[in-house]
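Summary of the model geometry
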Amino acid sequence: MREHDTERTFAALPPARGRGFAATWWGQAWLKALEDAALDSEQVKTGRRLARAGAVGSVSVRPGRITAVVQDRDHTAHRADVLLQELSAEQWDRFLDMAVERAGHIAALLDREMPPHLVEDAADAGAELLPGLGDLEPECECGAWDHCGHTAALCYQMARLLDQDPFVLLLMRGRSEREVLDDLQVRSVTPSKEPTNSQEASQEGVDAAEAYATGSILPPLPSAPELPAQPGSPPSLDTETPPAPGVDPAALTFLASRAAAEAHRLLSAALAPGHETDAVEEELTLFQDAVRVAADASEAAIAARLAEGTGRGREELEIAVRAWRYGGTAALSVLEDEWVPEAESLARARAALESAWDDGDRPRLRTAHNRWTVIGASTQLRLSRDGRWWPYRKEHGRWVPAGPAAHDPATALASVDGEA
């Protein structure tokens, strides 16, 4: 046993009837890793029903593994395990060094939050926190070689635990909350090294013409500099010189900072392993780009100018911004695109709605095109063309986005209450 091995055991949770399993985006990402990789969707549905009925016993969490005893409907008990690759020592060093540089990340974890930019920054540093496709490896006494109902039920229960405490995910990745916080404290007080005179001299360079003439005998070029931890700040426009007519210094400063942030994001993606195989991002439309920019605007005057420039009202832009924050261009498409599902898509949607709730818990729904409205409530589910469900809520007579997408309609609808 390693020196810092540890284990946490969580008591069995009550049945989850009438509610989803993941209210947080990271809990939903955990379930997505299960649902996207499972070869038998019926086993996933069986696991969801078992977890919803309270058939999962106490859950043991330790580095690389979670374990629980799951009971079938006939009360036959099976030990189920789900394995997740631990981070290497080098990956932990990169993650902790990144977290020290951003105090907001530490504060979010202490508040039991895992904001998207923390996960993105960790991935940029080479430490994937959330599982991806095929990362959740099942082991069960029932002998199934893929995810069975028992391991799927354990994963659904784990999503509820992750909602409460993201440090549970870090424990699965190899380190306990105490280890992480102690290491962060040590790193935060370690002084940075000052460059030596020899280091400064080595950066002086040589004359360009001389370098070109003797290129065949010069040493190879140094490695490209590392990606900055964060985008730079734009120069201050607060000068004694008044701006020219029609020039808004606050708007220019804002646009410069957003351009730097977007350049940093693009460069980070370009330097990531496997970037050459990724699909090229589609160019944003004028309105989509305005919504992207407005999502980061804190000043009302800037948001008003963006609304005016796109020909949309301020309220309409605010609703679009809300959608963007839940899912970018995909969420914007669901907001504005009302379409009629073909027979096959409609059949899959109806099957998902039938299996999402137990008998008696299913809400009454009224269908119109790709939208299912809960009768007697101000909530709605919208089906996107990729088969995901998006929750909506009626506010002041208008339907507005109320949460991120989910593959399970019950999970999507339950997130409306969490956002209210």
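The numbering scheme is per chain: residues are counted from 1 as the chain's sequence reads. Restriction of local features to residues with pLDDT of at least 70 applies here, the model being predicted, together with a cutoff of 80 or more for giving and counting side-chain atom pairs; totals for whole chains, interfaces and linings are based on all residues. Only heavy atoms go into the side-chain values, all of them from the structure, while hydrogens and water stay out.

Observations concerning the overall build of the protein chain
The way it works is that DSSP assigns letters per residue, a run of H or I at least four long becomes a helix, a run of E at least two long becomes a strand, and they are numbered from the N terminus. Along the protein chain, the regular secondary structure elements total 16 helices and 10 strands. With a 1.4 Å probe rolled over the protein chains alone, any residue whose accessible area is under 20% of its type maximum counts as buried; one over 50% counts as exposed, and the rest are partly exposed. With 420 residues in all, the protein chain has 40% of them scored as buried. Across the protein chain, contacts joining residues at least 24 apart in sequence account for 65% of those joining residues at least 6 apart. Calculation of accessible area relied on Shrake-Rupley with a 1.4 Å probe; when residues are assessed, cover is drawn exclusively from the protein chains displayed. Counting only carbon and sulfur atoms, one obtains 52% of the accessible surface of the protein chain, whose full area is about 23,600 Å². Note on contacts: a residue pair qualifies if any of its non-hydrogen atoms lie within 4.5 Å across the two residues.

Things to note about a negative patch on the surface
Patches draw on residues past 30% relative accessible area with no salt bridge. Two like charges within 9 Å are joined, as are two nonpolar side chains (Val, Leu, Ile, Met, Phe, Trp, Tyr) within 5 Å. For this document, the term salt bridge refers to a Lys or Arg side-chain nitrogen within 4 Å of an Asp or Glu carboxyl oxygen. The sign given to each residue is positive for Lys and Arg and negative for Asp and Glu; His and the chain ends receive no count. Lysine's charge is taken at NZ, arginine's at CZ, aspartate's at CG and glutamate's at CD. A cluster of acidic residues, E120, D124, E128 and D135, forms a negative patch on the protein surface. Tracing the backbone through its elements, the reader meets D135 in the loop between helix 5 (116-124) and strand 5 (137-140).

So, the sheet that holds strand 4 (residues 77-83)
Taken together, five strands build an open sheet; the order of strands is 1-2-3-4-5 and the sheet is antiparallel. The open sheet has two edge strands with one neighbour each: strand 1 (8-10) and strand 5. Neighbour to neighbour, the strand axes of the sheet diverge by 20° on average, direction disregarded. We treat two strands as partners when DSSP finds at least two bridges between them. Of the strand pairs in this sheet, strand 2 (residues 59-62) and strand 3 (residues 65-71) are connected by three bridges, and their pairing is antiparallel. The convention used is that axes are lines fitted to C-alpha atoms, helices contributing only their stretch in contact, and that angles between N-to-C directions extend from 0 to 180 degrees.

Topic: the side chain of T411
For T411, the position within the fold is in helix 16 (residues 409-419). Discounting residues that sit within four places of it in the chain, T411 has contacts with G20, F21, A22, Q28 and A406.

Some remarks on a nonpolar patch on the surface
On the surface, a cluster of nonpolar side chains totalling about 230 Å² of accessible area is made up of L237, V247 and L252. With respect to the secondary-structure elements, L252 resides in helix 11 (residues 249-271). We classify L252 as partly exposed; its relative accessible area is 43%.

Some thoughts on unusual backbone geometry
Look at H75: it is not a glycine, yet its phi comes out positive at around 70°. Here H75 is to be found in the loop between strand 3 and strand 4. In this structure, H369 takes a positive phi of about 55° despite not being glycine. Note on placement: H369 falls in the loop between strand 6 (365-368) and strand 7 (371-374). For H369, a relative accessible area of 42% translates into the label partly exposed.

Section: the sheet that holds strand 8 (residues 379-383)
Strand pairing in a sheet is mediated by backbone hydrogen bonds. Such pairs are either parallel or antiparallel. Pairing is antiparallel in the open sheet, where five strands are placed in the order 6-7-8-9-10. Whereas interior strands pair on both sides, the edge strands pair on one side only; in this sheet they are strand 6 and strand 10 (398-401). Shown here is a sheet whose adjacent strand axes are inclined to one another by a mean of 30°, direction ignored. In the sheet, strand 9 (residues 389-395) pairs with strand 10 via four bridges, with the strands oriented antiparallel. By the bridge assignment for strand 10, K394 is matched with W399. Across the face of the sheet, helix 14 (residues 314-336) comes into contact with strand 7, strand 8, strand 9 and strand 10 while running at roughly 50° to strand 10.

What to know about the side chain of Q288
With respect to the element layout, Q288 can be found in helix 12 (residues 286-294). Given a relative accessible area of 19%, Q288 falls into the buried group. Residues within four places of Q288 in sequence aside, it is in contact with E283, W324, T329 and L332.

Quick word on the nonpolar core
Buried Ala, Val, Leu, Ile, Met, Phe, Trp, Tyr and Cys residues form a nonpolar core when they are joined through side-chain atoms within 4.5 Å. Core analysis: the largest hydrophobic core is formed by 60 residues, its most contacted members being W30, V61, F95 and M158. Examining the composition of this core, we find that nine residues originate from one element, helix 6 (residues 149-164), more than from any other. Look past the residues within four positions of V61 in its chain and what remains in contact with it is T6, E7, R8, F10, I66, M158, V168, L171 and M172. If you look at the next biggest cluster of nonpolar residues, it comprises 25 residues, including A290, V291, L306 and W324.

With respect to the environment of D135
Taking the relative accessible area as the measure of exposure, D135 reaches 34% and is therefore partly exposed. Considered as a pair, D135 and A33 are 102 residues apart in the sequence and their alpha carbons are 7.3 Å apart. Polar contact criterion, stated in full: a pair of N or O atoms within 3.5 Å, where within protein one must be able to donate a hydrogen and the other to accept it, and residues adjacent in sequence count only if both atoms are side-chain atoms. Of note is the side chain of D135, whose polar atom sits 2.6 Å from the backbone nitrogen of G132.

Some points on the confidence of the model for the protein chain
With 89% of its residues at a pLDDT of at least 70, the protein chain reaches an overall mean of 83. pLDDT is a residue-level measure of predictor confidence that goes from 0 to 100. For the stretch residues 198-202, pLDDT sits under 50, and the model shows two contacts to residues farther than four places along the chain or on other chains.

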